[in-house]
Amino acid sequence: MEMEALVMYPSPHIGHLVSMVELGKLILSHHPSISIHILITTPPYKPGDTAPYIASVSATTPINFHRLPTISLPPSLLNSSTHHETLTFEVLRLNKPDVFHALHSISNQFRIQAFIMDSFCSVVFDVPAQLNIPSLYFFTSGAAVLALFLYLPTIHRTTQKSFKYLKNTLLHFPGVPPIPSLDMPKPVLDRDDEVYKNILDSSIYLAKSAGNIINTFEYLEPRAVEAISDGLCVPDGPTPPIYCIGPLIAPSDVDRAPECLTWLDTQPKGSVVFLCFGSLGLFTMEQLKEIAVGLERSGQRFLWVVRHPPSQYQNLPISAELEDPALDSLLPEGFFERTKERGLVVKNWAPQAAVLNHVSVGGFVTHCGWNSVLEAVSAGVPMVAWPLYAEQRFNRVLLVEEIKIALRMTESEDGFVNSTEVEKRVSELMASKDGELIRERTLAVKNEAEAALSQGGSSYVALHKLFESWKRG
Ligand SMILES: O=c1ccn([C@@H]2O[C@H](COP(=O)(O)OP(=O)(O)O[C@H]3O[C@H](CO)[C@@H](O)[C@H](O)[C@H]3O)[C@@H](O)[C@H]2O)c(=O)[nH]1
């Protein structure tokens, strides 16, 4: 009998790839005999960055990686101020024929039960069907964002203007709180932009798949889960089943910046606020200084991940930067000396999941990337929500207004946050009644996350329903 296999196609962005690998590991933990194959496309920014990660997964798990032929995007596109999502869509489009070849070749050796793709990969939606393989999506953000994207084609048909021109208008999507138009995911703000068209197309395909697997759990987003399951987000057709199997969290690479954890060992329980802004978050020099002043004035203990500000290489994040100045040249004079008893600044990267789970950490200032949110929830650490890009402003609305596990960092219209706001929010989170309330709520949600994953819990049951659906197929 042919061996059974699953083929997965993540978006090349590290935050998406890591989640997909975790899904693969989860499936393997229940079905060790299944063969998992992950197709790897070229990351359009920071080339080579995912290679060490892939090498370490290959060395420690039976997951097979298939590297698709490398795509070189024209420098004009790389250096333009276009959305980084546009680059991702372009790479995926150019790799489409290679996906067919890879699937075809894997299907010569295995019986492929399903093709599981990232929501960015819809350009290959018709490819598995040519080989009679069912396609599912793995959605690496939450159920509320899925509800929004499923409903996007409807809202597109019923409105004429770009969201960015609907200032202060509240938009209504089934199952999610009313969303101020400017809090919509960044790539859909302008309907004339190429990236909007790509996302709109993807949204249409999400509704045509054999199912949407979501990295969330029912208790975290009950209204969105219900609205999708009740078919409210796709009013003009059937909605595929959803499988909320999370929270799936990747272990941290604790060999990277281990000094964070040793420093945390010396701090009192629950006393440190951790500031970290995802894999792509960058601030201007002016903004970094403002954060430093706010942190200093707050008097709180802190662990802060600082990166070099963006340069003219808009689409090439940190590792591609040409210069890498010392941290003290980025922060106010004397900052390190004055805060050395209660603060640690690390350059570029900290082992975030391990940091959040350290007993000394009591708060998290985050850009609201979904993996960061799930890591904070699973560690029971309350947040201050400071969104920067992608769907993060939408996530802030959800975290602050719906789930009530974060305080809002309020920025000016151009996105700048002054030191007074930083001081106020950090103090509020770490030492106020409001902070205490969201801490209690976060701990309750953490317990629910554990229950969801345990045998008989909602995520456990959803995963087994997914396995059943493959048997039937
Ligand atoms: O110093 C750092 C910085 C990041 N991380 C890890 O990197 C991941 C970052 O993921 P996430 O918080 O989801 O942020 P992004 O990398 O920005 O993820 C992209 O993908 C997410 C999932 O779709 C979206 O929610 C985000 O908005 C989008 O930007 C997390 O696991 C972090 O623990 C670290 O370990 N150390």
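Counting restarts for each chain: residues are numbered from 1 in the order of the written sequence. With the structure being a predicted model, the display of local features is reserved for residues of pLDDT at least 70 and the display and counting of side-chain atom pairs for 80 or more, all residues being used for whole-chain, interface and lining totals. Excluded from the side-chain calculations are hydrogens and water; all other atoms, namely the structure's heavy atoms, are used.

Draft legend 1. Highlighting the overall build of the protein. Along the protein, the regular secondary structure elements total 18 helices and 15 strands. We compute the radius of gyration over the C-alpha atoms and compare it with the globule rule, which gives 2.2 Å times the number of residues raised to the power 0.38. Radius of gyration (C-alpha) of the protein: 22 Å, near the 23 Å computed for a compact globule of 473 residues. Counting only C-alpha atoms, the protein reaches 65 × 50 × 45 Å along its principal axes. Exposure categories follow from relative accessible area, calculated using a 1.4 Å probe and restricted to protein chains: below 20% of the type maximum is buried, above 50% is exposed, and the middle band is partly exposed. By the burial criterion, 58% of the 473 residues in the protein qualify as buried. Note on contacts: a residue pair is in contact if any heavy atoms of the two residues lie within 4.5 Å. In the protein, 73% of the contacts between residues at least 6 apart in sequence involve partners at least 24 apart. Using the Shrake-Rupley algorithm and a 1.4 Å probe, accessible areas are obtained, with residue cover drawn only from the displayed protein chains. Per element, the accessible surface of the protein, about 19500 Å² overall, is 53% carbon and sulfur. Distance from the positive charge centre (38 side chains) to the negative charge centre (50 side chains) of the protein: 3 Å. Counting from the N terminus, the helices are DSSP H or I runs at least four residues long and the strands are E runs at least two residues long. We count Lys and Arg on the positive side and Asp and Glu on the negative side, and we leave His and both chain ends out. Where a charge lies is defined by one atom per residue type, namely NZ (Lys), CZ (Arg), CG (Asp) and CD (Glu).

Draft legend 2. How the structure looks around the sheet that holds strand S11 (residues 301-306). Paired strands, in this sense, are two strands between which DSSP finds at least two bridges. The strand order S12-S11-S10-S13-S14-S15 describes an open sheet built from 6 strands, whose pairing is parallel. Two strands close off the open sheet at either side, each with one partner strand: strand S12 (343-347) and strand S15 (406-408). Ignoring which end each strand starts from, the neighbouring axes of this sheet average 20° apart. With 5 bridges joining them, S11 and S12 adopt parallel strand pairing. Bridge pairing in S12 links Leu-303 to Leu-344. Against the sheet, helix H11 (residues 285-298) touches strand S10 (272-276) and S11, its axis set at about 170° to S11. Axis angles are defined between N-to-C directions and span 0 to 180 degrees, where every axis is a line fitted to C-alpha atoms and, for a helix, only to the segment in contact.

Draft legend 3. Layout of the packing of H11 against helix H16 (residues 419-430). Two elements in contact, H11 and H16, have axes whose closest approach is 7 Å; the angle formed by their N-to-C orientations is 45°. It follows from the interaxial angle that H11 and H16 lie oblique. Here the hand of the crossing between H11 and H16 comes out right-handed. Residues Glu-290, Ile-291, Val-293, Gly-294, Leu-295, Arg-297 and Ser-298 of H11 lie in contact with H16, whose contacting residues are Ser-419, Thr-420, Val-422, Glu-423, Val-426 and Ser-427. Classification used: nonpolar for Ala, Val, Leu, Ile, Met, Phe, Trp, Tyr, Cys and Pro, charged for Asp, Glu, Lys and Arg, polar for all others including Gly. In terms of residue class, the contact of H11 with H16 is made up of 5 nonpolar, 5 polar and 3 charged. Any angle that is under 35 degrees is reported as roughly parallel, and any over 145 degrees as roughly antiparallel; angles of 65 to 115 degrees are reported as roughly perpendicular and all others as oblique. It is the rotation of the near helix from the far one that decides the hand of a crossing: anticlockwise by less than a right angle makes it left-handed, clockwise makes it right-handed.

Draft legend 4. Molecular detail of the site of the ligand. A single heavy atom is enough: if one lies within 4 Å of a molecule or strand, its residue is considered near that molecule or strand. Residues in contact with the ligand amount to 22 residues; listed here are only the nearest, Ser-279, Ala-350, Ser-372, Glu-375 and Glu-391. Polar contact criterion, stated in full: a pair of N or O atoms within 3.5 Å, where within protein one must be able to donate a hydrogen and the other to accept it, and residues adjacent in sequence count only if both atoms are side-chain atoms. Thr-140 is positioned such that a nitrogen or oxygen atom in its side chain is 2.8 Å from an oxygen atom of the ligand. A distance of 2.9 Å is found between an oxygen atom of the ligand and a side-chain nitrogen or oxygen belonging to Gln-392. Isolated, the ligand exposes 690 Å² of accessible area, and the fraction of that covered by the protein chains is 93%. Here the element with the most residues in the shell around the ligand is helix H14 (residues 370-379); it accounts for 4 residues. The class makeup of the residues in the shell around the ligand is 6 nonpolar, 13 polar and 3 charged. Among the domains, domain 1 (4-250 + 454-472) and domain 2 (254-449) are the pair contributing at least three residues each to the shell around the ligand. Domains are outlined according to an automatic or database domain assignment.

Draft legend 5. Representation of the nonpolar core in the model. Throughout this description, the term nonpolar core refers to a set of buried Ala, Val, Leu, Ile, Met, Phe, Trp, Tyr and Cys residues connected via side-chain atoms within 4.5 Å. Judged by nonpolar contacts, the single largest core of 97 residues is most densely connected at Tyr-9, Phe-115, Leu-152, Phe-163, Met-184, Phe-274 and Leu-303. Of the residues forming this core, the biggest block, 11 residues, is contributed by helix H7 (residues 143-158). Split by domain, this core shows at least three residues from each of two domains, domain 1 (4-250 + 454-472) and domain 2 (254-449). When near neighbours in sequence (up to four residues on either side) are disregarded, Phe-274 contacts Leu-303, Val-305, Ala-350, Gln-352, Val-355, Leu-356, Val-361, Gly-363, Phe-364 and Val-365. With 37 residues, the next largest nonpolar core counts Ile-71, Phe-277, Tyr-389 and Ala-390 among its residues.

Draft legend 6. Expanded view of the packing of helix H4 (residues 84-94) against helix H8 (residues 194-206). Between H4 and H8, the shortest axis-to-axis distance is 9 Å and the interhelical angle comes to 60°. Taken together, H4 and H8 sit at an angle that is classed as oblique. For the element pair H4 and H8, the recorded crossing hand is left-handed. For the pair formed by H4 and H8, the contact residues are Glu-85, Thr-86 and Phe-89 on the first element and Val-195, Asn-198, Ile-199 and Ser-202 on the second. Of the residues that constitute the contact of H4 with H8, the class distribution is 3 nonpolar, 3 polar and 1 charged.

Draft legend 7. View of unusual backbone geometry. A cis amide bond links Gly-246 to the next residue, Pro-247, at an omega of 0°. Following the sequence through the fold, Pro-247 ends up in the loop between strand S9 (242-244) and helix H10 (259-265). Although it is not a glycine, Ala-257 sits at a positive phi angle of roughly 55°. Positionally, Ala-257 belongs in the loop between S9 and H10. Residue Ala-257 is classed as buried on the basis of its relative accessible area of 15%. Located in the positive-phi region is Ala-390, a residue other than glycine, with phi close to 50°. Residue position: Ala-390 is located in the loop between strand S14 (383-385) and helix H15 (392-402).

Draft legend 8. Up close: the packing of aromatic side chains. Pairs were defined over the aromatic rings of Phe, Tyr and Trp, the Trp ring being its six-membered one, requiring ring centres within 6.5 Å. Orientation was assigned from the angle between planes: stacked under 30 degrees, edge-to-face over 60, tilted for the rest. This model, assessed by the stated rule, comprises 14 aromatic pairs. With 6.3 Å between their ring centres and 85° between their planes, Trp-304 and Phe-335 make a pair best called edge-to-face. Placement of Trp-304 in strand S11 and of Phe-335 in helix H12 (residues 335-339) is noted, with a sequence separation of 31 residues between them. As far as the burial class goes, Trp-304 and Phe-335 line up, both buried. Arranged with centres 5.9 Å apart and planes meeting at 45°, the rings of Phe-467 and Trp-470 form a pair that is tilted. With Phe-467 and Trp-470 both in helix H18 (residues 458-472) and 3 residues apart, this pair spans about one turn of that helix. Taking the relative accessible area as the measure of exposure, Trp-470 reaches 8% and is therefore buried. Chaining the aromatic ring pairs together yields one cluster made of Phe-302, Trp-304, Phe-335 and Phe-336.

Distances and angles like these do not, on their own, reveal function.
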